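# Coordinate analysis (summary)
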Amino acid sequence: MGLHLITKEFLSYGVAVLRGKVIAAFLFAAFPAWAEEATILAFGDSLTQGYGLLDQQGLVPQLDKWLEDNGHEVRIVNGGVSGDTTAGGAARVDWSLTPDVDAMIVTLGGNDMLRGIDPAVSRDNLDRILAAAQAHRVEVLLVGMKAPGNYGPGYKAAFDRIYPDLAETYETLYVEDFFAGLGDADPAEVQDYFQPDGIHPNAEGVKKIVAALGPKVVELVQNIQ
């Protein structure tokens, strides 16, 4: 092969490589969806798992749809275990935080409250969960619970302080009350958003909860993008 032909082929190759790089850069800029999708672990109990509801009626699928409708494409993993307490969450948090998890929504404590577990114990367990998230460098949205008054004002005060205190300590995003989306209407009206057990929200109740929770989840998504 003559020198002229070799030079010509190398020039053609160089132009092709350059053209390929330009095209690739353009496509990458035009289609950022090629980037790896963020993964959020919804870590909780039956309220997260979707107890008593059809597959698409639970918290995770409704939240996933709400985010999609509002222009946010993320993958939400359902890490809800019915009947789980904060102790159960603390026991499984390390193996739940797989390498692909970028953020976590923590919704635990309802079963502790129903069983009258010492708030100091619940606080310690939630502290372990948040410490694990911090060690794994996972962003957190902590969703609080409000204790009823039937265990006395001391219990209620101690339990209710757990969530804001830990959110401040670990500098996490924070929602004061999981059920805030249901409002402060007459108890009889609020009951319309619950299943017959009076504990778990029905599909319409979950919809309202998601609408209130959604904006904070958007903040969580923005923190990991």
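The residue count restarts for each chain, going from 1 along the sequence in the order it is written. It should be noted that, the model being predicted, local features are given only for residues of pLDDT at least 70 and side-chain atom pairs only at 80 or more, the latter also being counted only at that level, while totals for whole chains, interfaces and linings use all residues. Hydrogens are left out, water is left out, and the side-chain values use all remaining heavy atoms of the structure.

### A closer look at the side chain of S46
One can find S46 in helix α2 (residues 46-49). Side-chain atoms alone can form a polar contact between residues adjacent in sequence; in general such a contact is a pair of N or O atoms within 3.5 Å, and within protein one must be able to donate a hydrogen while the other accepts it. A polar side-chain atom of S46 sits 2.7 Å from a polar atom in the side chain of H200. Ignoring anything within four residues of it in the chain, the contact list for S46 reads Y51, V81, S82, G83 and H200. Numbering of helices and strands runs from the N terminus, with a helix taken as a DSSP run of H or I at least four residues long and a strand as a DSSP run of E at least two residues long. By definition, residues are in contact when any of their heavy atoms lie within 4.5 Å.

### Concerning helix α4 (residues 86-96)
For every residue, the accessible area obtained with a 1.4 Å probe (protein chains only) is divided by the maximum for its type, and the residue is called buried under 20%, exposed over 50%, and partly exposed between those limits. Turning to α4, its buried residues number three or more, namely T86, G88, G89, A90, R92, V93 and S96. Against β1 (39-44), β2 (75-80), β3 (103-107), α5 (110-115) and α6 (119-135) lie the buried residues of α4.

### Here's the deal with the pairing of β1
Judged by how many residues are buried, β1 sits mostly within the fold: six of six residues are covered. Two strands pair under a simple rule: DSSP has to find at least two bridges between them. When β1 meets β2, the two strands line up parallel, connected through six bridges. Bridge pairing in β2 links L41 to V77. Pairing geometry for β1 and β3, over five bridges, is parallel. By the bridge assignment for β3, A42 is matched with I105.

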